[in-house]
Structures are given as structure tokens and as C-alpha cells.
Amino acid sequence: MRRFWIFNHYATTPQTGPLLRHFYFAEYLKEKEIETTVFAANELHQTGGTVDTQGASYLRTEEEGVPFVFVRTSKYQGNGLSRVRNMLSFFLGLLRISGKYAKQYGKPDVIMGSSAHPLTSIAGILIARRFHVPAIVEVRDLWPEAIFSVGKLKMESLPGRLLSAGEKWMYVHADAIVFTKEGDVDHIKEMGWDQEHGGKIDLGKCHYVNNGVNLSDFYASIEHDILPDPNLTDESFRVTYTGTVRPVNNVGNLLDTAKLLKEHKDIRFLIFGGGSELETLKKRAADERIDNVVFKGFVEKKYIPYILSRSSVNVLNYSQSNYNWSRGNSSNKLFEYMASGKPLISTVRMGYSILDRYECGLSLDECTSQALAREILKIHDMPEEAYAQMGQNAREGAKDFDFPVLTERLYQVIESVR
């Protein structure tokens, strides 16, 4: 079997967390005669947990036949200097352990370094050079543009220019580039880095492999992981949000919308998720007597498929201003919502719109409670046949983002660099 290494700082197994993109790829690539090993940090990003490497520089585990290597990294909290040190320690850890690991388990035939932060992809290129094998760069989040867009750093500053130079170097020296958003290749054109604009990057080596959903697991979960909750089985029209409840998620806008729809007695808003703003919003709902909103708090991820399947409409509640949506959406949540077979509403209108392409939902031109209330009523008042068709379109569209389909696309990228 050929050996494929994936570097992803934040990857997890089903036992260690919810970030399973590369775990699923590794599972399905076995059917292509490719043994995939995923290298991740032992400090777990979303859960705050740690995988004990037992004092060693890394720990190799195997779950469901997928080799996972947890690299020992420094601890961190929040988004300050300790997180930067954690990124550096993962980068340096990959450089240190790769030779030793290859001697014991065999050297790779192809390496893919995956963002969020670019140091992981840079490590992939450097280690691939050491082994004289091709390097793929996977871009799941455009750094440093994501930092520029929230105002934490200016592109024209010295750190901004250095980060952009590093990003350009990474794209130039990759043998292939995988973007998880369809429109991210536009970024290279806008920066003037492609050959047509006098740069060095051949856009022919750019590929698109979105995030997605493992449909077999999703539908099995609906059948087996049932959440006993009367709000999910009554006769109400359920407007559902799942996710964290923080200021950045603008969940307060859902309360504003609920107030506008109070006279529609059959409409109920269900908010599943925990976060720093949860208690504040619960108090606000009580003080303002917004009694058509029910805060459910944190629920285990295994219940999300069932919850979504019991909804009437699922809301993608995004901030219009804190992100560049012109290039599309690669959120796992989008494809879980589609797989549920229910209509969607997005509080932002995106470029390369998947909702428009599959005619499975509505998007707001402006992120206001008034606009959201109008779109909810459109779906609420929709003829039964049109409502059913929108849900069916969502379910059918999700098939294009099933992990076996996405793995085939990644396999074609691997074949292109051989």
C-alpha cells in the first residue's frame, strides 16, 4: 500500500473530538490501497483535553484501523501568545519526529499539510522535501486573510506583509493546493500571484474538496441516538439553531426575531448549545417575556442529527461583517443541516451559494431580525408540496458532500502529484 501522511494540528479521532475530516479520509482511502496516517497535536483544540504521550515526543494510536500520531505540544489557553507557542511547538515537533517515525513505520509517498494556521502546511512542504516526495497544501481557512478580516492585524503592517509572504511561498512550493471553499482560488487571483497576472502559481494545481458529512453515520445516528424531548415531537413549527452561544454567533438576533413573531403561536425557536452568552440571553428572554424561545443548553453531538431531523427549518446564524462570505461556505454544520432533509435559512448571502445551487433554502441580503422573520414566514406559509421539495433538495444535495464522494476527489489530487 502507498503511504499518505496528513498533518493537521487540530484533527481528532471519534474518541478525542469532533474534527473528523481527516479521520474519514483515512478510512475511505484504505479502499484505494492508501494507508493514511494523521498527525495531530496532543493538546485538543475544542475540548480542552490532552492526549497523554506518556513522556514521549509522540504517541501512535490506532482507531478503527486508522493510525493517528499525537505530537506532544505546549499547553495553551485562548488566542494569545500561549496559542502561538503551541502552533510553533507542533511545527517543530513534526520536524523532529518525522524521520524517526519514518524509520519505524516507513516513509510516506505523499504528504498533505492542512491549515488552519500555515505553519502546518509549511512543515508538510519541508518534510516532503526531506523525503523527496510531493507535498499537498490544504487550505481550510485563509490565513492571514481571516486575521485581517476581523481587524486584529492590517495587511499593510510589517507582520501582515510577512504573513502574506509566507502564504505566497507555501502556494508556490506546493505540488497541489486543496481549498475547502470553492471560491478561495479567487484569493490567489486577487493577490496577483497566479501566472495570468505575472505570478508563479499555476492555477491548474488548485483543487476544491469541501467539508461535508458522513451520511451513513448521520442517518444511523437519527435512528439510534434519539433525544427524548417533548419540544421535538409536539405540533409546533420548530426554528432550530445548533452551535455555540457566544457574542460572535449573534444568537441575540434570534431573540429579536422571535419577538417579532410572538403572535404566531405555533412558531417556536429551539436553541441548542452552550457558551459564554447563554445565561445572559436566558435572562433577557425571561425579562422581556420572549416565551417562544427555548434554550436547551449543551447537548452531545451524537444527538444533533436527530434534533435537526425533527426541525421545521434550520438556521445558519452567521455574522455578516466578521467574515468574507464571497467565496462560499465550508461549514460542516451546513451539510449536516442539508442531510436532515429540512429547509435552511442563512443569515448571510454567500458567493458560490450552495443553498441557491441546490434550491434547498433561503438567504438574507441583510442580517436583521426583520429580514429573518420574513424568511421564516415564507417557509412557514409555503405550500406543502413546495416545502417538501425544498427539504428533498437539501437531502439530495448532501449526497455530493458525503465523505466517500469527497475522498474520491482527494484521491484524484493525490494521483495528480504522483
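Everything below is about the structure printed above this text.
Residues numbered from 1 in each chain as written. Predicted model: local features only at pLDDT ≥ 70, side-chain atom pairs only at ≥ 80, totals over all residues. Heavy atoms only, no water.

Undergrad: Any chance you could break down the environment of S319 for me, citing the residues and the numbers?
TA: Inspection of the secondary structure puts S319 in the loop between β12 (313-316) and α11 (332-339). Once residues within four sequence positions are removed from consideration, S319 is found in contact with V248, W325 and V348. (Helix = DSSP H or I, 4+ residues; strand = E, 2+ residues; numbered from the N terminus. Contact = heavy atoms within 4.5 Å.)

Undergrad: Break down empty space enclosed by the protein for me, citing the residues and quoting the values.
TA: The full count for this structure, using the stated rule, is four cavities of 30 Å³ or more. Empty space within the largest cavity amounts to approximately 80 Å³. Each residue belonging to the lining of the largest cavity can be placed in one class, and the counts come to seven nonpolar, six polar and no charged. (1 Å grid on protein atoms, 1.4 Å probe; cavity = no way out; pocket = protein on both sides within 12 Å on 5 of 7 lines; lining within 4 Å. Points joined across faces, edges and corners; volume = space filled by probe spheres on them. Nonpolar A, V, L, I, M, F, W, Y, C, P; charged D, E, K, R; others polar.)

Undergrad: Explain the side chain of T73 to me, using residue names and the numbers behind them.
TA: One can find T73 in the loop between β4 (66-71) and α2 (81-105). Accessibility expressed as a relative area gives 9% for T73, which makes it buried. Side-chain polar atoms of T73 contact the side chain of N86, separated by 3.2 Å. Among all residues touching T73, those that are not within four sequence positions of it are A41, N42, E43, N86, S89 and F90. (Buried < 20%, exposed > 50% of the residue type's maximum accessible area, 1.4 Å probe, protein only. Polar contact = N/O pair within 3.5 Å; in protein donor to acceptor, adjacent residues only side chain to side chain.)

Undergrad: Run through the sheet that holds strand β2 (residues 34-41), naming residues and quoting values.
TA: Pairing is mixed in the open sheet, where eight strands are placed in the order β3-β4-β2-β1-β5-β6-β7-β8. With partners counted over all chains shown, the strands left at the sheet margins are β3 (58-63) and β8 (206-208), one partner each. In this sheet, neighbouring strand axes are inclined to one another by 20° on average, regardless of whether the strands run parallel or antiparallel. The pairing of strand β7 (residues 176-179) with β8 spans three bridges and is classified as parallel. Residue pairing for β8: V178 is matched across the bridge by H207. (Pairing = 2+ DSSP bridges. Axes fitted to C-alpha atoms, helices over the stretch in contact; angles between N-to-C directions.)

Undergrad: Give a detailed account of the sheet that holds strand β11 (residues 293-297), specifying residues and quantitative values.
TA: The six strands are arranged β11-β10-β9-β12-β13-β14 in an open sheet whose pairing can be described as parallel. Each end of this open sheet is capped by a strand with a single partner; those strands are β11 and β14 (361-363). Pairs of neighbouring strands in the sheet enclose a mean axial angle of 20°, with direction left out of account. Alignment of strand β9 (residues 237-242) against strand β10 (residues 267-272), held across six bridges, turns out to be parallel. For T240, the partnering residue across the bridge sits in β10 and is L270.

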